[in-house]
Amino acid sequence: MTTIETAPASGPEPAGGWCLRLYVAGQNPRSVRALQNLKALCETHLAGRYDIEVIDLLENPTLARGDQIVAVPTLVRKLPEPVRKIIGDLSNTERVLVGLDLRPRR
Amino acid sequence: MIQPDQALPAPGIAKCPTGIVGLDEITGGGLPRGRPTLIAGAAGCGKTLLAMEFIVRGAREFDEPGVFMAFEESESELIANVASLGFALDALVAGQRVALDSVQIERNEIEETGDYDLEGLFVRLGCAIATVGARRVVLDGLDALFAAMPSATIVRGELRRLFRWLKAQGVTAIITGERGEKALTRHGLEEYVSDCVIFLDHRVHNQVATRRLQVVKYRGSRHGTNEYPILIDAAGFSVLPVSSLGLTHQVSRERVSTGVASLDAMLGGQGYYRGSSILISGTAGAGKTSLAIAFANSVCSQGGRCLYWSSEESPDQILRNMASIGFDLQPHLDHGRFHCHAVRPALYGLENHLVRLHQLVGLLQPDAVILDPITSFVAVGERFQVQVMLTRMIDFLKAAGITAVFTALRQGAEPAYLERTDEGISSLIDSWLLLRMADAGDHRERLLSVLKSRGMAHSHQVRELELDATGIAVRDAATRRLPG
């Protein structure tokens, strides 16, 4: 199952929008937690300018190769470039923000 | 033709043949079927190649499709690297007999933000296995996961799960890992793979590199425990089960001419025994090569095949020199009866020469093999190693029933010295001819004597060896000097 979740419609998507892809394997508590964490974080920091695409590898196993997925959950920032990868259930918000370049790296 | 260490019947454990020359002999039939095998070794010792050959031969020769998952190289690199070995990996991939997947993780692009597992890897592997219906799996450079993933604890837990999962899939797997300082592998992969462990080694001696293979562990099966030399060449990987022959080989009562009638007469009238080992030693220019070539010519003239292994002269040089004493080898060469393998010993390690000899003998099925001279191997290794290698060569040729002629150069002219073999192989030799130059008034002559020749009444006379445009003759040294 591939679900495309679009951010709440607030007019046309602004240029320089964020394209995020979350890879999970099955609907387990860790997957659910990761998606909840991601949504909350995007609403706080990227409201109105993000797309989240969730890919369940148990449904679409062939998609794991394309983005070189090994660990799950993995969040891939497709846009803006460069591509960034973040692994884990996204519960450490500070690390997620650093990983997405929304906070400067130490 | 290749003899394993012992007969290795291993009831109870199902084996998965690798198809790799020699390896199946050592392991008594192959790797443990349906279980993982660890191949450990330093960089550049041939781990990836061995694993790839397991996959390629599985798909080609055993109807067992395979998955090769690489953690260190890209798919195009893998295909390019084995193309020189004639594996045509891309065709196997296109025909869905082999699936390749390259796992590339950049540590610095990964931020760890909470709990995770490596299900993505399982999904990819499962997907590749399903695509080709794989019976064989290789995880090449699996320990790269430790460098790529932030948490070694998670990696360890997941590896344990991975190996359980692989066994449940019923696939025969090879896992390769870099050798460690203290443990067999850097990240202790041997902890997870308990069925079969193979170690590859790469040593340099006198600037010549030699690779070796050792089966460190094989649960539930007997296996050869020696270090076996390996060779990587255009045909792929070869492991040489360097057997000690024992003394059980069949000996022949048939005789073969030396190519010189008057020398046959000195050897009980009939020449060498077929399948025996002959040493021709002597000083420089005394006629060692000429006697060896006389034998080769005789074998080829009777329709036999001869492998001539030259360590000092080029094939052209040999043909020219031998034509000057009446041996025209060109027709034998043209008809594939005479095969000349000219190589400087110092170019390769001792074991490589041994493996090459095995290969050539397997390919050409010669009736006779000539090594001219064996003394040049001394430059390649320590004396003891040279002796071991020559012993193996002699054993191998004896077991194969091939008549073998070895020449050896001796310095100096003292008989006591001449009758010693530096190579320490005299006890393995059946017939030993000694050649030397001696002053005879106004000229020098070549003197020949038979030091020993097992199983026949041989001459104890010292004779003169004469070389001229019509060939070789052995004459009574005393009568020749009589006037007239």
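Worth saying up front: this structure is predicted, and the values here are computed from it rather than measured.

Moving on, we get to the confidence of the model for chain B. Where the model shows low pLDDT, its predicted coordinates should not be examined in detail. Across chain B, pLDDT averages 84, with 89% of residues at or above 70. Confidence over residues 1–10 of chain B falls short of pLDDT 50; this stretch has 27 contacts with residues more than four positions distant or in other chains.

The subject of this paragraph is helix α1 (residues 29–45) of chain A. Residue and element names in this part refer to chain A. Over its 17 residues, α1 extends 24 Å from the first C-alpha to the last, a length consistent with the 24 Å expected when each residue adds 1.5 Å. Turning to α1, its buried residues number three or more, namely Ser31, Ala34, Leu35, Leu38, Leu41 and Cys42. Angular distribution of buried residues about the axis of α1 spans 135 degrees; they occupy a single face of the element. Of the exposed residues in α1, the ones pointing more than 90 degrees away from its buried face are Pro29, Gln36 and Thr44.

Another aspect to go through is the interface of chain B and chain A. With 26 residues of chain B in contact, the opposing surface of chain A contributes 29 residues. When the area that chain B buries against chain A is broken down by residue, the three leading residues are Glu111(B), Thr113(B) and Arg124(B), summing to 31%. Our count for the contact surface shared by chain B and chain A stands at five salt bridges. Elements that contribute at least two residues to the side of chain B that touches chain A include exactly β5 (98–102), β6 (110–112) and α5 (119–132) of chain B.

Now for the confidence of the model for chain A. Residue and element names in this part refer to chain A. Mean pLDDT for chain A: 84, with 84% of residues reaching 70 or above. Looking across chain A, the model is least confident in strand β1 (residues 2–6), with a mean pLDDT of 48, and most confident in strand β2 (residues 18–24), with 95. A low-confidence stretch, residues 1–14 (pLDDT under 50), is modelled with 25 contacts involving residues beyond four sequence positions or located in other chains.

Where side chains of opposite charge bring their charged atoms close, a pairing between them can arise. This model, assessed by the stated rule, comprises 31 salt bridges over all chains. Residues Asp115(B) and Arg30(A) are paired through a salt bridge, measuring 3.1 Å at the closest nitrogen-oxygen approach. A residue pair is termed interchain when its members come from two chains, as with Asp115(B) in the loop between β6 and α5 and Arg30(A) in helix α1. Relative accessible area serves as the criterion here: at 35%, Asp115(B) is assigned to the partly exposed category.

Glancing now at unusual backbone geometry. Leaving glycine out, the prevailing phi sign among residues is negative, and the prevailing peptide bond configuration is trans. Residues and elements named next belong to chain A. Here valine 72 and proline 73 are connected by a cis peptide whose omega angle stands at -5 degrees. Here proline 73 shows up in the loop between α2 (63–66) and β4 (74–79). Despite not being glycine, glutamine 68 has its phi angle at roughly 50 degrees, a positive value. Mapping glutamine 68 onto the fold places it in the loop between α2 and β4.

Criteria and cut-off values
- Starting from 1, residues in each chain are numbered consecutively following that chain's sequence as written.
- Chain labels run from A onward and ligand labels from 1 onward, assigned in the order the entries are written.
- Per-residue local features of the predicted model are confined to residues with pLDDT of at least 70, and side-chain atom pairs are confined, for both listing and counting, to 80 or more; whole-chain, interface and lining totals are unaffected and use all residues.
- Just so you know, side-chain values use all the structure's heavy atoms and leave hydrogens and water out.
- pLDDT: the predictor's confidence for each residue, scored from 0 to 100.
- By definition in these notes, contact holds between two residues if any of their heavy atoms fall within 4.5 Å.
- Each helix is a run of DSSP H or I of at least 4 residues and each strand a run of E of at least 2, with the numbering of both proceeding from the N terminus.
- Helix span is expected to be 1.5 Å times the residue number reduced by one.
- Only protein chains enter the area calculation, which uses a 1.4 Å probe; residues under 20% of their type maximum are buried, those over 50% are exposed, and those in between are partly exposed.
- Note that the arc is computed from the directions linking the helix axis to the C-beta atoms.
- Here's the idea: put two parts together, see how much 1.4 Å probe accessible area each one loses, and the total over both is what we call buried area.
- One speaks of a salt bridge when a side-chain nitrogen belonging to Lys or Arg is within 4 Å of a carboxyl oxygen belonging to Asp or Glu.

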